[in-house]
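What the coordinates show
Read off the chains here:
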Amino acid sequence: MLRACALPFHARCALPFRSAFRFAHSGRRRGSAPPAPQPFRRGGDRRTADKLRASQKLPHRERPINNQDIGELNLVFLGTASAQATTSRAQQSVALRVQNETWLFDCGGQTQMQMLRAGIAPLSVTRIFISHMHGDHVFGLPAVIAMCANSSMQQVSASADVRRWEKVPLQLVGPVGLRAWLRTVLANSYVGLGRLRLQVHELHGLEALQQPKHVPAVLSGVPPLHGEVLAPPLWPEEDGAWSVPHPTAHGGRSAPRAPKMRIRAVEMDHTVPTVGWLLEEYPRPGSLHADRLLPLLEAHGVEKRLLGQFKLGTPIELPTGELLQPSDFMDPPTSRRIGLLSDTRDCSRAAA
């Protein structure tokens, strides 16, 4: 199941992620005055989030994850405004909740505040995808990274999320120029990453980069950040799209228990180098027709414990030598697909 909602910019209270959908659809009536701002209390947001998490019994990261089914997908539109933000709409940003992780797509201004209002914990953010380098899509990124870094230092060292960040870095993916821009902004604003580790993948080979006016002003000469995990550049495949790898730690190890979704980038038609994002769930086994299969197994004395591997594609051999193929007793595999396309004049490449 896929849920989607748009979070009002004037939302004033931090709600848990699952409650954000109910809150988003209960916005004020047109023409009514926005709610009055609430007084700031030191540490209030963290205490409120902890109480709400305990009352809602939200899943904890230490709980085992079923890699065969990533479960429900929650999509929250944190910002939908254009270059000019308004009092009711923040700049571009979309959050996708996958299992116990949060993936951000673009980080325009006010993304940090919108995350707090939606109850998205900074420690749950594991991947950030930037479509292009226009300000209304990236100006909120340094603030989000700083918030994640502060959370990593404030939480106890035994936290499962902090331990994950020490092993597997926060992954950022975007066009060429993202790494140099991010290094410059964070270094000159004296942002300490704490326990946070960053890994920036840049997409090379975009057709728009062949135009001299689209080449970033600064590409080299900026030293890496303290805590940055160097990442190789990503080049397009034969079909012209980029495959985004899973975040990797030191030594090239993949992220443990990463949600099984394939992420690809396709180039969009915009005034600057721009990409869109295509997400596809790994195929899930179809429904088993037990009413047809179980009588055959019982008639030949075959144990039912073989059904687990049978659902994953392993045939069952009967005593007579006959092979029962999963495709004959199961529906075709299914998978969900999501396309997140930002500013573009033509999205035909995403449909190819």
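We now turn to the structure provided with this report.

Rules used in this analysis
Residues numbered from 1 in each chain as written. Predicted model: local features only at pLDDT ≥ 70, side-chain atom pairs only at ≥ 80, totals over all residues. Heavy atoms only, no water. Salt bridge = Lys/Arg side-chain N within 4 Å of Asp/Glu carboxyl O. Helix = DSSP H or I, 4+ residues; strand = E, 2+ residues; numbered from the N terminus. Buried < 20%, exposed > 50% of the residue type's maximum accessible area, 1.4 Å probe, protein only. Pairing = 2+ DSSP bridges. Right-handed = clockwise from strand over helix to strand, strands pointing away. Contact = heavy atoms within 4.5 Å. Phe/Tyr/Trp six-rings, centres within 6.5 Å; stacked < 30°, edge-to-face > 60°. Lys NZ or Arg CZ within 6 Å of the ring centre and 35° of its normal.

To continue, consider the pattern of salt bridges. A complete count under the given rule lists 14 salt bridges for this structure. Between Glu202 and Arg179 there is a salt bridge; the shortest N-O distance is 3.2 Å. One end of the pair, Glu202, is in strand E7 (residues 198-203); the other, Arg179, is in helix H7 (residues 178-188), with 23 residues separating them in the sequence. For Glu202, a relative accessible area of 6% corresponds to the buried category. Residue classification places Arg179 among the buried residues on the basis of a relative accessible area of 16%. Note that Arg349 and Glu207 form a salt bridge whose closest N and O atoms lie 3.1 Å from each other. Here the residue Arg349 occupies a position in helix H11 (residues 348-351), and Glu207 occupies one in the loop between E7 and strand E8 (242-243), the gap between them amounting to 142 residues. Accessibility expressed as a relative area gives 45% for Glu207, which makes it partly exposed. Among the charged side chains, a network of salt bridges with common partners joins Arg179, Arg183, Glu202 and Glu228.

What follows concerns the pairing of strand E5 (residues 125-129). In terms of burial, E5 is a largely internal element, 5 of the 5 residues being buried. Of the strand pairs in this sheet, strand E4 (residues 101-105) and E5 are connected by 4 bridges, and their pairing is parallel. Note that in E5 the partner of Phe105 across the bridge is Phe129. Crossover connection from E4 via helix H3 (residues 111-118) to parallel E5: handedness right-handed. As paired elements, E5 and strand E6 (residues 170-175) share 3 bridges and run parallel to each other. Each bridged residue has a counterpart across the sheet, and for Phe129 the counterpart in E6 is Val173.

What follows deals with H7. All of the buried residues in H7 are Leu178, Arg179, Ala180, Leu182, Arg183 and Leu186. In the core, the buried residues of H7 are packed alongside helix H5 (141-154), E6 and E7. Within two residues after H7, Tyr190 carries a phi angle of roughly 60°, on the positive side.

Here we come to the packing of aromatic side chains. For the structure on display, the rule yields 4 aromatic pairs. Relative to Phe129, the ring of Phe105 has its centre 4.8 Å away and its plane inclined at 15°; by these criteria the two rings are stacked. Taken together, the residues span a long stretch of sequence, with Phe105 in strand E4 and Phe129 in strand E5 at a distance of 24 residues. Judged by relative accessible area, which is 0%, Phe129 ranks as buried. Among the aromatic side chains, those forming a connected cluster through ring pairs are Trp103, Phe105, Phe129 and Trp277. Note that Arg127 overlies the ring of Trp103, its terminal NZ or CZ placed 5.0 Å from the centroid.

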